[in-house]
Protein chains: 2
Amino acid sequence: MGQEKEEYKNKANWDKFLPGLAIDCVIVGYHERELKILIMEYENTDLYALPGGFIEKDEDLDKAASKVLKERTGLKDIYLSQFHTFGRHDRSDTDAMKIVMENNDIKYDENHWLLRRFVSVGYVALVDYKAVAPTPGIMSSKCTWFDLDSIPTLIQDHREIIDEALLYLRNHVDNKLLGANLLVDTFTMKDLQKLHETILGEKLHRTGFHRKMMDSGHLKRLGKKKTGKAHRSPYLYRFVTENDMD
Amino acid sequence: MGQEKEEYKNKANWDKFLPGLAIDCVIVGYHERELKILIMEYENTDLYALPGGFIEKDEDLDKAASKVLKERTGLKDIYLSQFHTFGRHDRSDTDAMKIVMENNDIKYDENHWLLRRFVSVGYVALVDYKAVAPTPGIMSSKCTWFDLDSIPTLIQDHREIIDEALLYLRNHVDNKLLGANLLVDTFTMKDLQKLHETILGEKLHRTGFHRKMMDSGHLKRLGKKKTGKAHRSPYLYRFVTENDMD
DNA sequence: ACAAAAGTGTTCCAGGTACACCCATGA
DNA sequence: TCATGGGTGTACCTGGAACACTTTTGT
């Protein structure tokens, strides 16, 4: 990675990217009944941002996005969907970028590409929290999960991007399959219900939810879980695919 | 417009736009029970394309899109929505752009901006066919409506963009208000139903449709239409807004 | 009077909600 | 055996689909 960083300091290497265009990924995970978002902290600063990246000149937009996902989480072949392109004229954050570059010994002048306006294409990913190894990238020292309700102040309009992403999920994720990527292998019906409630932002009725999920045909019931609690122990469930009938 | 064209031939003026980024608008109208799309023909060529434009360096993306809409149709304050950003690495159409520039006496070299890859943000608009005065822009001689089923071959991936736009409409347009922009002031229930069927791509049941529309509260019934046909003449309807209760 | 299309009323069914009840479990 | 929470059965409600019937109009 040290070598990659050297490349970033060399102006020539910026040329391999499309100028003025970026990708930001809202990577959503779920753990202990809380939605989590993967957030980067720029090295040696108190600046937080969404994981993002640039697009190489001969690279598909979607490919660049899945590369970001792969590099930050180690995951591939995951639900990843473009949801909106952010292009307000004032969405640059010059001060923040200067700090980032200064703290990383990157030489720049006032016309540096990173200081100018960016248009950014937003992607959402739903990933299994447990399967992710958050990996910081160039210019960032940390890459960690934050609870949705305790996300720090982010640079630019990244907070808006998150909110738009969640709105998009609410409207577009197939209810029948919501959780297929977000949950660990096995889970209880209550886990699944809490997840749906968190993303949809509303309480659901227990029994109706149960029936709807089972009727969808995507869930398979496994053995019971031993909870040690003073009540009936819940069944465990797992998502099954069409090729997985048994 | 002659003066504007001169500007385009002057390389310096390209610099006022964000490089590598464009906007394409799918402008949808409705006339005689057919969906229409506004298509441009490049001057002195047989090349057809969606109306599009570039984004000025200090201009909002959405603003640039509504500017395109305004310039090609004369309309403003119209339903206009960003639906997808197209960024395949091979979506340029070098040959077509060379023909366009040659036919317009624009000097270029192999590195010209227009010959390189573009990422394009797609917008859809629903407009009243009758209220539109299609106006060709720079480098294009014609700007005309085409029936959805007789659109000529378009440059780049513009045909895909149209198909994506229609898909987007199907999933996102509020059924209750579909037609509020597309239809002329007054219309029959059958007109409205045909429009819905065209956009949704499926037959609807006459009576159920009628009731649903009336129940929505957005329609007001006016006097009867004299058709001259050998059957009961239909009522005319009009969309009403919340501020328009009478 | 008849045909054709518009408008209205009625029935039926599916999916969703609400609620009652049973089951399992550890204190 | 009781409290707690998971799982299931049933009654009810609403919105849509299907269909019958009435109304209007020109031939």
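Small disclaimer: the values here were computed from a predicted structure and weren't measured.

## Comments concerning the overall build of chain A
Here is step 1: Within chain A, the regular secondary structure consists of 7 helices and 9 strands.
Here is step 2: Considering only C-alpha atoms, chain A reaches an extent of 65 × 35 × 35 Å along its principal axes.
Here is step 3: A total of 246 residues make up chain A; the buried ones form 47% of that total.
Here is step 4: Put simply, 72% of the contacts in chain A that link residues at least 6 apart link residues at least 24 apart.

## Examining the pattern of salt bridges
Here is step 1: According to the stated counting rule, one finds 26 salt bridges over all chains in the structure shown.
Here is step 2: As a salt-bridge pair, Arg33 of chain B and Asp191 of chain B come within 2.9 Å of each other at their nearest N and O atoms. You can see Arg33 of chain B sitting in the loop between β1 (17-31) and β2 (34-42) and its partner Asp191 of chain B sitting in helix α6 (residues 189-200), a full 158 residues away along the chain.
Here is step 3: Arg88 of chain B is the partner of Asp90 of chain B in a salt bridge, and the nearest nitrogen-oxygen pair spans 3.1 Å.
Here is step 4: Here the salt bridges share partners, and the residues they tie into one network are Glu56, Glu59 and Lys67 of chain A.

## Remarks on the UniProt feature "domain: Nudix hydrolase" (unreviewed entry) in chain A
Here is step 1: Per the UniProt record, "domain: Nudix hydrolase" (unreviewed entry) is found at residues 18-168 of chain A.
Here is step 2: Helix makes up 23% of residues 18-168 of chain A and strand 35%, and the two end C-alpha atoms of the span are 26 Å apart.

## Quick word on the domain arrangement of chain A
Residue and element names in this part refer to chain A.
Here is step 1: Annotation of chain A at the domain level lists domain 1 (2-172) and domain 2 (189-239).
Here is step 2: Taken together, the contact pairs 5 residues of domain 1 with 7 residues of domain 2.
Here is step 3: Together domain 1 and domain 2 conceal approximately 700 Å² of surface at their shared face, both sides included; 64% is due to carbon and sulfur atoms.
Here is step 4: Looking at the side of domain 1 facing domain 2, the largest losses of area belong to Tyr30, Arg33 and Arg170, adding up to 72% of the total buried there.
Here is step 5: Linking domain 1 with domain 2 are 1 salt bridge.
Here is step 6: Of the residues belonging to the side of domain 1 that touches domain 2, the class tally is 3 nonpolar, no polar and 2 charged.

## Brief notes about the interface of chain A and chain B
One frequently used descriptor of interface size is the decrease in accessible area upon assembly of the parts.
Here is step 1: Each partner contributes residues to the interface: chain A has 20 residues there, and chain B has 20 residues.
Here is step 2: On inspection of chain A and its partner chain B, the count reaches 0 salt bridges.
Here is step 3: Counting across the chain A and chain B interface gives 12 residue pairs in polar contact (both at pLDDT 80 or more).
Here is step 4: Elements with a minimum of two residues in the side of chain A that touches chain B: β1 (17-31), β4 (52-56), β5 (80-86) and β6 (119-126) of chain A.
Here is step 5: Grouping the constituent residues of the side of chain A that touches chain B by class yields 7 nonpolar, 6 polar and 7 charged.

## Focus on the protein's contact with DNA strand C
Here is step 1: Close to DNA strand C lie 23 residues; His205 and Thr207 of chain A together with Arg206, Thr207 and Tyr235 of chain B are nearest.
Here is step 2: Sugar and phosphate atoms represent 57% of those atoms of DNA strand C found within 4 Å of the protein.
Here is step 3: In the model, a base nitrogen of DNA strand C is placed 3.4 Å from a nitrogen or oxygen of the Arg211 of chain A side chain.
Here is step 4: A distance of 3.0 Å separates a base nitrogen of DNA strand C from a polar backbone atom of Arg232 of chain A.
Here is step 5: Where the surface near DNA strand C is concerned, the elements lending two or more residues are α7 (206-216) of chain A together with α6, α7 (206-216) and β9 (235-239) of chain B.
Here is step 6: Looking at the surface near DNA strand C, the element that brings in the most residues is α7 of chain B, giving 4 residues.
Here is step 7: Tallied by class, the residues present in the surface near DNA strand C amount to 6 nonpolar, 8 polar and 9 charged.

## A closer look at the protein's contact with DNA strand D
Here is step 1: Around DNA strand D, 24 residues are found, and the nearest of them are Arg206, Thr207 and His231 of chain A together with His205 and Arg232 of chain B.
Here is step 2: A breakdown of the atoms of DNA strand D within 4 Å of the protein gives sugar and phosphate a share of 58%.
Here is step 3: Between DNA strand D and Tyr237 of chain A, the relevant distance is 3.2 Å, taken from a phosphate oxygen to a side-chain nitrogen or oxygen of the residue.
Here is step 4: Between Lys229 of chain B and DNA strand D, the recorded distance is 3.4 Å, taken from a backbone N or O atom to a sugar or linking oxygen.
Here is step 5: The element contributing the most residues to the surface near DNA strand D is α7 of chain A, with 4 residues.
Here is step 6: Considering only residue class, the surface near DNA strand D consists of 6 nonpolar, 8 polar and 10 charged.

## Here's the deal with a positive patch on the surface
Residues and elements named next belong to chain A.
Here is step 1: A cluster of basic residues, Arg221, Lys224, Lys226 and Arg232, forms a positive patch on the protein surface.
Here is step 2: Position of Arg221 relative to the elements: it lies in strand β8 (residues 219-224).
Here is step 3: On the basis of relative accessible area, Arg221 is assigned to the partly exposed category, the value being 43%.

## Examining the nonpolar core
Here is step 1: Ile23 of chain A together with Ile23 of chain B are the most contacted members of the largest nonpolar core, which has 44 residues in total.
Here is step 2: Leave out the neighbours within four places in its chain, and Ile23 of chain B touches Pro51, Gly52, Gly53, Ile55, Leu61, Ala64, Ala65, Val68, Ser120, Val121 and Tyr123 of chain B.

## Some thoughts on the environment of Lys229 of chain B
Here is step 1: For Lys229 of chain B, the location among the structural elements is in the loop between β8 (219-224) and β9.
Here is step 2: Taking the C-alpha atoms as reference, Lys229 of chain B lies 54 Å from Glu102 of chain B; in sequence the two are 127 residues apart.

## Some details on unusual backbone geometry
Here is step 1: At Glu32 of chain A, a residue that is not glycine, the phi angle is positive and equals roughly 50°.
Here is step 2: One non-glycine residue with positive phi stands out, namely Arg33 of chain B, at about 60°.

Parameters at a glance
Residues numbered from 1 in each chain as written. Chains lettered and ligands numbered in written order. Predicted model: local features only at pLDDT ≥ 70, side-chain atom pairs only at ≥ 80, totals over all residues. Heavy atoms only, no water. Helix = DSSP H or I, 4+ residues; strand = E, 2+ residues; numbered from the N terminus. Buried < 20%, exposed > 50% of the residue type's maximum accessible area, 1.4 Å probe, protein only. Contact = heavy atoms within 4.5 Å. Salt bridge = Lys/Arg side-chain N within 4 Å of Asp/Glu carboxyl O. UniProt positions renumbered as here; feature names shortened; annotations may be inferred. Domains from an automatic or database assignment. Buried area = accessible area lost by both parts, 1.4 Å probe. Nonpolar A, V, L, I, M, F, W, Y, C, P; charged D, E, K, R; others polar. Polar contact = N/O pair within 3.5 Å; in protein donor to acceptor, adjacent residues only side chain to side chain. Near = heavy atom within 4 Å. Patch = residues over 30% accessible without salt bridge, like charges linked within 9 Å, V, L, I, M, F, W, Y side chains within 5 Å. Areas by Shrake-Rupley, 256 points an atom, 1.4 Å probe, with all protein chains shown as cover. Lys, Arg positive; Asp, Glu negative; His and termini not counted. Charge placed at Lys NZ, Arg CZ, Asp CG, Glu CD. Core = buried A, V, L, I, M, F, W, Y, C linked by side-chain atoms within 4.5 Å.

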